[in-house]
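Summary of the model geometry
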Amino acid sequence: MAEFAIKKIPNDQKKEIGLISDFKNTDIRQLALYDAVVLDYTDRQGCEAFIRQCRGSFIGTLYLMPIFILSLNKDITKTVEVLSDGVISSLQVEPIIGLIDRIRSKQQNLAVIDSSSPEVRIMTKFLRYMYTRERKIEPIIDPKSHIGYSYPMLSDHYNNGNTVEMFRVLDNIAHNEYARPTFVDKLHLCSECYSSFLNFRETCPKCESLDIITENLIHHFVCAYVGPEHDFISDDYMVCPKCNRMLRHIGVDYDKPSVVYNCHNCSHIFQEPVMEAFCFVCQKRNPIDALIDKSIYSYDLTQIGEESAVNGFGREVKEEFDIQGFITFTTFNIFLKYEIERSKNSQKPSAVGSLILRISSEDRVKMGSSYKKLMLEMADFIKNATLSTDILSFVNNTTFLIISPNNESSELQSLLNNIRSSMEKLLQSSLPLTPFKFDTRVISITGSQNHTDCINQLMAN
Ligand SMILES: [Zn+2]
Ligand SMILES: [Zn+2]
Ligand SMILES: [Zn+2]
């Protein structure tokens, strides 16, 4: 019976402290009735699963619940240790009551943050946990994790397939100065799947075979011949293939200046093998320079982070921002006027177009500075995909405008379609849960138009 699964631990402060030993029959929602809970570590797996379930919740009363572990010899896993508020070896709970009060009083400062964005909710959680615990968040070495490390409050929200997302949240936290990162380790990750379960191995530069062996290179002093060791062996002696003398003493009549590689597959002999990193997860053979370098940090809450933990992410993105190579809307209008004028006199067709990102302003604000980063990335892509004679502008934080003096409208349309499909991929991978869409519009410049009408048409909803 669920209601009996949690036993009350008597204490002189009259705190509601529950003891849980039977994890299977405990309904996690019942925790809300307690000031703190103690988990019996006798059932190790049950205990770990249970604490992960609490900390993995998005409900503040659950993930911020003061949780202690009851273990006589205090021999608990790192994950359980990090996720708990302490380990006790008896049911004398008086010593932990001070800590429970501190956590609870900090918890009372927290304003309600209502957000449907998973990223905002995860960041909120991350900061609130640090704030109420007054402790930093450190990565723990975890062979079960895709990358070899896990962040106990964070990693359970990301299965191994979306490590990229987790790094993005962490980068976001550091970038916005919510937390101060301290370097811990550097990882080399598979470029395909972000796994660090890699085998670094030598391959043949000619045929890419792995079946290669190393051999000493022998230098015969007398005749100056240099060759692989197997050239020199005849029965029990080493005989120089060039001068037929016997080699006796290393250092006296010969030495081994280096090693050579010999490919069993194609018989190629070489000195510099090509290194590759084979991924055990997705089986990609990564060239070494394609691996993703990622630093791992621990995080300390900053003043800004503390404010955000308590009140939410108030600081918004600056409303307009300038992008290099993009002109202002006013200047764009002038150029468009000229271009219409020009096409009156020449027969050369040209076009003007727009690419508009439709995303709710609420989502934009939630993304904070990462929205700006994304727009800069898009702007960069557009700059590279268009002609140097094209005139670009970025308005309202969402709309890219382009005058293309050397393209017909059909060419500009297909260019914008290509840009759109690349941008959709970029956004889908960086914002998988945010609804968005792109509109593209193209108008052929004929010389008889009014530039304001063109602009209205390009920017209409
Ligand atoms: Zn020789
Ligand atoms: Zn080979
Ligand atoms: Zn991989």
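I will try to describe carefully the structure that is included in this document.

**Structural notes on the packing of aromatic side chains**
The description of an aromatic ring pair rests on the distance of the ring centres and on the angle between the ring planes. The full count for this structure, using the stated rule, is 13 aromatic pairs. Arranged with centres 6.3 Å apart and planes meeting at 80 degrees, the rings of Phe183 and Tyr297 form a pair that is edge-to-face. Of this pair, Phe183 sits in strand 8 (residues 179–189) while Tyr297 sits in strand 20 (residues 292–301); the two residues are 114 residues apart in sequence, bridging distant segments of the chain. Exposure remark for Phe183: the relative accessible area of 49% places this residue in the partly exposed category. With centroids separated by 6.4 Å and ring planes inclined at 65 degrees, the aromatic side chains of Tyr297 and Tyr299 adopt a geometry described as edge-to-face. It is Lys106 that lies over the ring of Tyr131; its NZ or CZ is 4.3 Å from the centre. Taking NZ or CZ as reference, Lys125 lies 5.6 Å from the ring centre of Phe58, over its face.

**A few points about the coordination of the zinc ion (ligand 2)**
At this site the zinc ion (ligand 2) is bound by Cys204 (SG), Cys207 (SG), Cys263 (SG) and Cys266 (SG), with donor distances of 2.2 to 2.4 Å. Metal-centred angles of 105 to 116 degrees between the four donor atoms at the zinc ion (ligand 2) mark the site as tetrahedral. Within one chain, the residues serving as donors to the zinc ion (ligand 2) are arranged as C-x2-C-x55-C-x2-C. With Cys207 in the loop between strand 9 (198–203) and strand 10 (212–220) and Cys263 in strand 16 (residues 259–263), this residue pair connects regions lying 56 residues apart in the sequence. The exposure class of Cys263 is buried, given its relative accessible area of 2%.

**Comments concerning the coordination of the zinc ion (ligand 3)**
At this site the zinc ion (ligand 3) is bound by Cys190 (SG), Cys193 (SG), Cys279 (SG) and Cys282 (SG), with donor distances of 2.3 Å. Coordination at the zinc ion (ligand 3) is tetrahedral: its four donor atoms span angles of 103 to 116 degrees at the metal. Each donor residue of the zinc ion (ligand 3) lies on the same chain, and together they follow the pattern C-x2-C-x85-C-x2-C. Remark: Cys282 occurs in the loop between strand 18 (274–279) and strand 19 (285–287) and Cys193 occurs in the loop between strand 8 and strand 9; sequence separation between them is 89 residues. By relative accessible area, Cys282 is classed as partly exposed at 31%.

**Notes on the nonpolar core**
Membership of the largest hydrophobic core comes to 51 residues, with the highest contact counts inside it found for Leu31, Leu39 and Phe126. In terms of residue count, the dominant contributor to this core is helix 5 (residues 118–133) (seven residues). Split by domain, the residues of this core number at least three in each of domain 1 (1–108) and domain 2 (114–202 + 276–314). Residues Ile323, Tyr371, Ile419 and Phe438 belong to the second largest nonpolar core, which totals 26 residues.

The rules behind each value
Residues numbered from 1 in each chain as written. Chains lettered and ligands numbered in written order. Predicted model: local features only at pLDDT ≥ 70, side-chain atom pairs only at ≥ 80, totals over all residues. Heavy atoms only, no water. Phe/Tyr/Trp six-rings, centres within 6.5 Å; stacked < 30°, edge-to-face > 60°. Helix = DSSP H or I, 4+ residues; strand = E, 2+ residues; numbered from the N terminus. Buried < 20%, exposed > 50% of the residue type's maximum accessible area, 1.4 Å probe, protein only. Lys NZ or Arg CZ within 6 Å of the ring centre and 35° of its normal. Donors = N, O, S within 2.8 Å, 3.2 Å for Na, K, Ca; no water. Tetrahedral: all angles 85-135°; square planar, octahedral: opposite > 155°, others 65-115°. Core = buried A, V, L, I, M, F, W, Y, C linked by side-chain atoms within 4.5 Å. Domains from an automatic or database assignment.

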